[in-house]
Amino acid sequence: MERLPLVKTLLLVDGSGYLYRAYHALPDLRTARGEPTGALRGFLSMLRSLREIVPGEYCACVFDAKGPTFRDAMFPDYKAHRPPMPEDLAAQVPLIRDAAAALGWTVLQVEGVEADDVIGTLARRAAESGLRAVIATGDKDLAQLVDDSIGLIDTMRREGGPPRRMDRAGVIERFGVPPERIVDYLALVGDAVDNVPGVEKVGPKTAVKWLQQYGSLDGVIAHADAIAGAVGVNLRKALDWLPTARVLVTVRTDVDLGGAVPDLEMLALRTPDRDALRRIYERCEFRSWLRELAPDGAGDSSASRTADPDGAVSTPTAAGDRTYECVCTEEQLGRWLAAIERAELTSIDTETTSLDPMRAELVGISLAVRAGEACYIPLGHRGMASEAPRQLDRDRVLARLRPWLENADHAKLGQHVKYDSHVFANAGLQMAGIRHDTLLQSYVLEAHRSHDMDSLAARHLGRKTISYEEVCGKGAKQIGFDQVPIDRATEYAAEDADVTLALHHALWPRIEADADLRRIYETIEIPVSRVLFRMERTGVLIDPQRLQEQSREIGLRIAALEAEAFVLAGGTFNPASTRQVGEVLFDRLGLPVVKKTASGAPSTDEEVLEKLAQDYPLPKLLLTHRGLSKLRSTYCDKLPGMIHPRTGRVHTTYGQAIAVTGRLSSSDPNLQNIPVRTADGRRIRAAFVAPPGARILSADYSQIELRIMAHICGDPGLVGAFERGEDVHRRTASEVFGVAPDEVGDDQRRVAKVINFGLMYGMSAFGLASNLGIGRDAAQNYIDRYFQRYPGVAQYMEATRETARRQGYVQTVFGRRLWLPEIHGPSGPRRQAAERAAINAPMQGTAADLIKLAMIAVDEWLTREGMATRLVMQVHDELVFEVPEDEEARVRAAVPGLMTGVVRWQVPLEVEVGVGSNWDEAH
């Protein structure tokens, strides 16, 4: 990472801002005693990372003090809307201050003075003393301080990427005005964070335009009468307020610090207090940082990596000297092969030419068996990147590696190992012995978080890893990994193997200690990953001619729809342009505006068009046009181009660690979103075909989420309906409408079906009324009668909401944790949405676990029986097989029992099976 010049520098940290950013950046980490530590971990990681980037001689961390300041006296509503600090964050604040001080930072908190004003005063003093001041913050208010001696840095950008450094030019680029006009800018637009009003309806663009036109806030005020329109009216209304606003948003640079900082020398960075740090790290169970304090673990995390003559890369870091070796001789390779033969667990990673698992070719392999020691074996670097050191012969290396790689007795670990398995398979090797995957460990522990290695390392190890972009560049200038110089590739690739091993040691004990999480990980996620690998490898056969014919037919229908739309609109327009559609619907035809976009323009999204389509023909036609266009582009035109040239099949990729409910996702192509309720969507499915001599078999769980609901809530009425094999929607209609089951009409059954599924998704009376097109009172009456007949459902829903509020997550029947981050959030609508999700998540999550267990059971049976039948797709609650004709009867008879036999519940499970020459016929 590029560093700031090593000059006399005062580094000032907005400690209060860092507190909250650290708190929200990390999960709810706790010690074995239940003490919260996530904010502390994040805060210290941020300080350590910052010191690598800004190695200044003077450092201070500034916090807000409790109590009012002069701004509260001027404006009683100043910061009035801010909620109190969360209790679990407040509990960590004293330790955060103590830990920052133990790291050698001066910690400041001046009574009656805001942290921004302390920072402003110290920065100005530093500039006057000939020092450079760098302020670490994400607060836009402090941009007003920037000049030739004072700069800003933001190391925690929400959009990711490198730290944002801001000098005078950077302030102008970001805000449109120079630093000396930031106060005027903030006075006009207001500061929502501090509850300082600006001029109503005046945003950044208007404020910048006025300041550029009139020079300053005073100039804008002087010309207020000349500004026309509603904004001019609002400006004139705010004239008496603007002087106060300007004072409120001005950062003071001359406050009395009350002897807190008599001399800048007291801010000199001190030697860390290792004993104090050890006590804090022990209390908070920060094991990786404790290892740094060992006698042989001292080091400077900002040290650079150096290569020695035999190809090893020595990496002095905060966790001690790490040795990353480039394996470029037979002797080195033999030594590493011996090491992995002896190891109880080996971390392995691949570098490749592509992210496409079926097309990726090996560029190199990295291995690690002990913390801080890893190697990289370059195999496919080309051009100047391969010149020094010399690479070993690829085929010879793979031949020597094969016995270990394909031996299931040698335990292996990786980050997203399914991808690496594909890469080795592309090279003719079948990877075996996969015991652990840190991607899946993270997913089992906290599915709602990100699971990429860089995020995991920062979150669980407090470690900044080398990013792919740092090695290969970004955008149009990005190079392939095979073009990266080998010494630089060794740093990156060996680190991956080393970090994966460290992550395993951090994550696995937490899973191992919890019986539910361990069961999910060991009996579901790891085994199903192997099944998914085989499914992805097999792929599915499609008929490109059938899709091309459908594309041609849809194209003719789209053209006819456009001609009809032009007549209804009174002229031509582009139906694919949201702007032009909006102009036609709302300006030309004068249709009512249902809702607006964030920019204030009338929305033309699907929800709006569906509402308008109830009364107007053009929106209904546009919905049909959009659906056909999407179907054509996404499937008819795209799928034929995705046929693999070697296999002649389409190979989707199943995402195992994406959906928080545990559901699998599908991409490239996405097989989960084919709209099968339409005839056109079913024609897409008809293009998924069986090869000669085989058939497509579909096995689908019947009403699985309703059955799970009945099992979980244990309501006798629901359980009994399923036990007796009744039509549960007809039974519900009978109960709700008070009629005999054989007297239930089609409309009544439809209403009951909406109620059954709607309540399962936490639907309110308002939602039910909207869905059924009835009054809210009638909808509430339906719901009340439903709960009277099925009281167990109501009890389950209330108990689940309470559980979610108490522990922040709910669980599936099998013990998977479904986290609900917004359940305690400040936003009422988001909190309510989280409560609704809490009701449905156990059903969705249990269904996800169930289909995975079914896949494992079926795959094991096919392997054990030596069957040629192959599992080729998984879509929602359905498994799709390619079955040789001579195995059809046997598979058709066995699969339902295998799928229903994975659990023994009080509610019987049912599986519907269909067979055909293509996927559609099998339904």
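In case you missed it, the structure is sitting above this.
### Here's the deal with the packing of helix H23 (residues 544–569) against helix H26 (residues 617–636)
Next up, step 1: Where H23 meets H26, the axes come as close as 9 Å, and the angle between the chain directions of the two elements is 155°. On the basis of the axis angle, H23 is roughly antiparallel to H26. Two packed elements cross with a definite hand, and for H23 against H26 that hand is left-handed.
Next up, step 2: Taken together, the residues of the contact of H23 with H26 break down into 14 nonpolar, six polar and four charged.

### Brief notes about the pairing of strand S17 (residues 694–701)
Next up, step 1: The buried count for S17 comes to six of eight residues, which makes it a mostly enclosed element.
Next up, step 2: Here S17 runs beside strand S22 (residues 911–916); their pairing, made up of six bridges, is antiparallel. Looking at S22, one finds that Tyr701 is bridged to Val911.

### Side note on the nonpolar core
Next up, step 1: The biggest cluster of nonpolar side chains holds 118 residues, and the ones touching the most others in it are Phe688, Phe881 and Met899.
Next up, step 2: In contact with Met899, not counting residues within four places along its chain, are Ala699, Tyr701, Ile851, Ala854, Val858, Leu879 and Val911.
Next up, step 3: Ile135, Ile182, Leu235 and Leu267 belong to the second-largest nonpolar core, a separate cluster that totals 60 residues.

### Considering unusual backbone geometry
Next up, step 1: The omega torsion of the bond from Asp668 to Pro669 falls at 0°, within 30 degrees of zero and hence cis.
Next up, step 2: Its place among the elements puts Pro669 in the loop between strand S16 (665–667) and helix H27 (679–686).
Next up, step 3: Located in the positive-phi region is Asn195, a residue other than glycine, with phi close to 60°.
Next up, step 4: The class of Asn195 is partly exposed, set by a relative accessible area of 26%.

### Regarding the sheet that holds S22
Next up, step 1: Taken in spatial order, the four strands line up as S20-S21-S17-S22 in an open sheet, and their pairing is antiparallel. Every interior strand has two partners, whereas the edge strands, strand S20 (870–875) and S22, have only one. Sheet twist, expressed as the mean angle between neighbouring strand axes with direction ignored, is 20°.
Next up, step 2: As defined by bridge partners, S17 adjoins strand S21 (residues 878–884) across seven bridges and the pair is classed as antiparallel. Within the sheet, the bridge partner assigned to Ser698 lies in S21 and is Val880.
Next up, step 3: Its contacts with the sheet put helix H35 (residues 828–864) on S17, S20 and S21, and the angle it makes with S21 is roughly 15°.

### Some words on the side chain of Asp349
Next up, step 1: Secondary-structure assignment places Asp349 in strand S10 (residues 346–352).
Next up, step 2: The side chain of Asp349 is buried and forms no salt bridge, while Arg463, the nearest opposite charge, is found at 12 Å.
Next up, step 3: In contact with Asp349, other than residues within four places in its own chain, are Gly364, Ile365, Ser366, Asp420 and Asp496.

### Examining the packing of helix H18 (residues 438–445) against helix H21 (residues 486–512)
Next up, step 1: For the pair H18 and H21, interaxial distance at closest approach is 9 Å and the crossing angle is 35°. Regarding H18 and H21, the two cross each other, and that crossing is left-handed. Here Thr438, Gln441, Ser442 and Leu445 of H18 come into contact with H21, specifically with Thr500, Leu503, His504, Leu507, Trp508, Arg510 and Ile511.
Next up, step 2: Broken down by class, the residue content of the contact of H18 with H21 amounts to five nonpolar, five polar and one charged.

### A few points about the packing of aromatic side chains
Next up, step 1: With the rule as written, the count across this model stands at 19 aromatic pairs.
Next up, step 2: With a centroid separation of 5.7 Å and 75° between ring planes, the pair formed by Phe566 and Phe573 is classed as edge-to-face.
Next up, step 3: Judged by relative accessible area, Phe566 falls into the partly exposed class, the value being 23%.
Next up, step 4: The interplanar angle of 70° and the centroid separation of 5.2 Å between the aromatic rings of Phe737 and Tyr782 together place this pair among those described as edge-to-face. On the criterion of sequence distance, the pair formed by Phe737 in helix H30 (residues 728–737) and Tyr782 in helix H33 (residues 776–789) is long-range, its members being 45 residues apart.
Next up, step 5: Ring pairs connect the aromatic residues Tyr376, Tyr468, Phe481 and Tyr492, which therefore count as one cluster.
Next up, step 6: Sitting over the ring of Phe70, Arg252 keeps its end group 5.2 Å from the ring centre.
Next up, step 7: One Lys or Arg, Lys412, reaches over the ring of Trp404 and ends 4.6 Å from the middle of that ring.

### A few points about the environment of Gln332
Next up, step 1: If you trace the backbone, Gln332 turns up in helix H15 (residues 330–342).
Next up, step 2: By relative accessible area, Gln332 is classed as buried at 3%.
Next up, step 3: For Gln332, the side chain forms a polar contact with the side chain of Glu325, separated by 2.8 Å.

### Things to note about H15
Next up, step 1: With 13 residues, H15 extends 19 Å between its outermost C-alpha atoms, agreeing within 8% with the 18 Å of an ideal straight helix rising 1.5 Å per residue.
Next up, step 2: Along H15, the residues classified as buried are Gln332, Leu333, Trp336, Leu337, Ala339 and Ile340. When H15 is viewed along its axis, its buried side chains cluster within an angular range of 160° and face the same direction. When the buried face of H15 is taken as reference, the exposed residues oriented beyond 90 degrees from it are Glu331 and Arg342.

### What about the pattern of salt bridges?
Next up, step 1: One pass over the structure, following the stated rule, counts 60 salt bridges.
Next up, step 2: Measuring nitrogen to oxygen at the nearest pair gives 3.8 Å for the salt bridge that ties Asp543 to Arg546.
Next up, step 3: Across the pair Glu882 and Arg870 runs a salt bridge, and its minimum N-O distance is 3.1 Å. Taken together, the positions of Glu882 in strand S21 and Arg870 in strand S20 put the pair twelve residues apart, joining distant regions of the chain.
Next up, step 4: Its relative accessible area of 35% is what places Arg870 among the partly exposed residues.
Next up, step 5: Via salt bridges that share partners, Arg724, Glu726, Arg731, Glu735 and Arg789 belong to a single interconnected network.

How each quantity is defined
Residues numbered from 1 in each chain as written. Predicted model: local features only at pLDDT ≥ 70, side-chain atom pairs only at ≥ 80, totals over all residues. Heavy atoms only, no water. Axes fitted to C-alpha atoms, helices over the stretch in contact; angles between N-to-C directions. Helix = DSSP H or I, 4+ residues; strand = E, 2+ residues; numbered from the N terminus. Parallel < 35°, antiparallel > 145°, perpendicular 65-115°, else oblique. Left-handed = near helix turned anticlockwise from the far one by under 90°. Nonpolar A, V, L, I, M, F, W, Y, C, P; charged D, E, K, R; others polar. Buried < 20%, exposed > 50% of the residue type's maximum accessible area, 1.4 Å probe, protein only. Pairing = 2+ DSSP bridges. Core = buried A, V, L, I, M, F, W, Y, C linked by side-chain atoms within 4.5 Å. Contact = heavy atoms within 4.5 Å. Lys, Arg positive; Asp, Glu negative; His and termini not counted. Salt bridge = Lys/Arg side-chain N within 4 Å of Asp/Glu carboxyl O. Phe/Tyr/Trp six-rings, centres within 6.5 Å; stacked < 30°, edge-to-face > 60°. Lys NZ or Arg CZ within 6 Å of the ring centre and 35° of its normal. Polar contact = N/O pair within 3.5 Å; in protein donor to acceptor, adjacent residues only side chain to side chain. Expected span 1.5 Å × (residues − 1). Arc of directions from axis to C-beta.

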